[in-house]
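Structural characterization, general
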Amino acid sequence: MNTALYETYVQILREELVPAMGCTEPIAVAYAGALARKTLGKLPERIELTVSGNIIKNVKSVIVPHTGGRKGLPVAVAAGVRIGDADAQLEVLANVTEEQLALLDGYLSAAEITVSKSPLHCPFDIQVRVFAGGETAFVQIISSHTNVVRIEKNGEALLSKPFSEEAAQPPESRRSLTVEGIIAFADEVDLDDVRAPIARQIEYNTAIAEAGLTGNYGAAIGKILLDSYGDSVQNRAKAWAAAGSDARMNGCEKPVVINSGSGNQGMTASLPVIVYARELKASEEQLYRALVVSNLVTIHLKTGIGSLSAYCGATSAGAGAGAGICYLYGGRYDEISHTVVNALAINSGMLCDGAKASCAAKIASAVEAGLLGMQMYRHDSQFYGGDGIVVKGVENTIRAVSSIARDGMRETDNEIIRLMIGEETVK
């Protein structure tokens, strides 16, 4: 692998595998709110929040972390404004105290907060405008969770970056990803170049999975899987990933390391690989290299889809996990390519209807598809080009699925949003 491509892959992992506290969409809203308040320089009396339908969908039913179990867009933006730390970005609410929650309740009662749907076509758009004492401030985040494109104070632009009103195009660096390149990189990477993000992913995501298995969160999918289907490594891989989501979607105040802007995808791509590595008594080096595969394959699959769509991102991460586990078993390009294609053929089309408790069950399904995709090829079975959405060649199949998820499911996404939020939800 040439030096430039090697450095690109290292940088992708460093950019993507970052910590976040709670579901990333309400956290992004809170971050925008905190940044707007910081720009204004005083506590706002009024907040106007404008967000895309996908943001409404992903905030509607999930608990905003460090808010005592509260849900919804007004809570997310108010928490960022009143008690958030703008400098912490996706950990904007990480250090909220019990004393501050009382301030949040008072602020929610006193402040005027309106929510409206963005007219832009971009599925990821957050705009916060705040008012106090005749002064105003404005913040816009578009395309991804920390991509601040505009900051204003009293109508004067303090930051202005060009952006498209359509869905964002992936960075050029992400387009360099291929399954063949990912495996070559995993084989040769100096682990010191990726140790920090991978080690943090193992630590954080394992901790929140343990919390999901020992605590009482959401629909308790992780616990139910273990209680119902036993202690096989296959079942534990699904259960641990699901348990992380049980906790994360339902108020657990532990951070996760995300992938493609999503904590659920970060946990799905990592926890099954960690479980299998323990079962196989893999070395630390083997685990790290397998996690490089699972994470980069997940990012590769998500690149052509975009950050938010009607296509459940756990499907991509489940295929990534299958690829990482296949790598642990000694699989390389041929075996991993077929694992990915098989997994995509099995589970593509699973809908994203927002962040909530049922995400844990979808994660379990996605991990199962990844594992079945691997086992199919180990048993000399595979899906072939022409079988439905499968196209000959792994990269061609990835492009086909991306097109379906990004373009073909656009109206599906609109219908999901209409069914979930109704016209009365926002002004």
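Residues numbered from 1 in each chain as written. Predicted model: local features only at pLDDT ≥ 70, side-chain atom pairs only at ≥ 80, totals over all residues. Heavy atoms only, no water.

Once that is clear, we can look at a nonpolar patch on the surface. Together, Ile346, Leu372 and Phe383 make up a nonpolar patch on the protein surface, roughly 220 Å² of accessible area in all. As for its position among the elements, Phe383 is in the loop between helix H15 (359-378) and helix H16 (394-408). Take Phe383: its relative accessible area is 31%, and that puts it in the partly exposed class. (Patch = residues over 30% accessible without salt bridge, like charges linked within 9 Å, V, L, I, M, F, W, Y side chains within 5 Å. Areas by Shrake-Rupley, 256 points an atom, 1.4 Å probe, with all protein chains shown as cover. Salt bridge = Lys/Arg side-chain N within 4 Å of Asp/Glu carboxyl O. Helix = DSSP H or I, 4+ residues; strand = E, 2+ residues; numbered from the N terminus. Buried < 20%, exposed > 50% of the residue type's maximum accessible area, 1.4 Å probe, protein only.)

Attention now moves to helix H10 (residues 233-249). The end-to-end C-alpha distance of H10 is 24 Å, a good match for the 24 Å that 17 residues give at a rise of 1.5 Å each. Of all 17 residues that make up H10, 16 are buried, and the element is covered over most of its length. Directly after H10, the chain includes Gly251, whose backbone phi takes a positive value near 95°. (Expected span 1.5 Å × (residues − 1).)

So, on to the packing of helix H11 (residues 263-279) against H15. Each pair of packed helices gets described by two things: the angle between the helix axes and the distance between those axes. Orientation of H11 relative to H15, taken along the N-to-C sense of each, is 50°, at an axis distance of 11 Å. Classified by the angle their axes make, H11 and H15 are oblique. Seen from above, H11 lies across H15 with right-handed handedness. Taken together, the residues of H15 that come into contact with H11 (itself represented by Asn264, Thr268, Pro272 and Tyr276) are Cys359, Ile363, Val367 and Leu371. (Axes fitted to C-alpha atoms, helices over the stretch in contact; angles between N-to-C directions. Parallel < 35°, antiparallel > 145°, perpendicular 65-115°, else oblique. Left-handed = near helix turned anticlockwise from the far one by under 90°. Contact = heavy atoms within 4.5 Å.)

The next thing to look at is the sheet that holds strand S5 (residues 135-142). If you trace the 6 strands from one edge of the open sheet to the other, you get S3-S2-S4-S5-S6-S7, paired in mixed fashion. Taken across any chain shown, the strands that pair with only one partner, and hence form the sheet edges, are strand S3 (112-117) and strand S7 (156-160). Averaged over all neighbouring strand pairs, the angle between strand axes comes to 10°, with direction disregarded. The pairing of S5 with strand S6 (residues 148-153) spans 5 bridges and is classified as antiparallel. Residue pairing for S6: Ile141 is matched across the bridge by Val148. (Pairing = 2+ DSSP bridges.)

On to the pairing of S7, then. The buried count for S7 comes to 0 of 5 residues, which makes it a mostly uncovered element. Counting the residues that bridge the hairpin from S6 to S7 gives 2 residues, and of these Asn154 lies at a positive phi of roughly 50°.

The share of residues in the protein chain with pLDDT of 70 or more is 97%, and the mean pLDDT across the chain is 92. Predicted confidence for residues 423-427 stays below pLDDT 50, and this span has 8 contacts to residues more than four positions away or in other chains. (pLDDT = per-residue confidence, 0-100.)

Glancing now at the pairing of S5. In terms of burial, S5 is largely enclosed, as 6 of its 8 residues are buried. For strand S4 (residues 125-132) and S5, the ladder comprises 8 bridges, and the chain directions are antiparallel. Bridging across to S5, Ile126 finds its partner in Ile141. A loop of 2 residues connects S4 with S5, the two strands running antiparallel in sequence, and Gly133 in this loop sits at a positive phi of about 55°. Between S5 and S6, which pair antiparallel and follow one another directly, the connecting turn spans 5 residues, one of which, Ser143, has a positive phi of 80°.

Attention shifts here to the packing of helix H4 (residues 73-83) against helix H5 (residues 98-110). Following both chains from N to C, one finds H4 and H5 inclined at 120°, their axes separated by 10 Å at the closest point. Classed by the angle they form, the pair H4 and H5 counts as oblique. Like other packed secondary-structure pairs, H4 and H5 cross with a definite hand, here right-handed. Between H4, through Pro74, Val75, Ala78, Ala79, Val81, Arg82 and Ile83, and H5, the contact on the second element is made entirely by Gln100, Leu103, Leu104, Tyr107 and Leu108. For the contact of H4 with H5, the per-class residue count stands at 10 nonpolar, 1 polar and 1 charged. (Nonpolar A, V, L, I, M, F, W, Y, C, P; charged D, E, K, R; others polar.)

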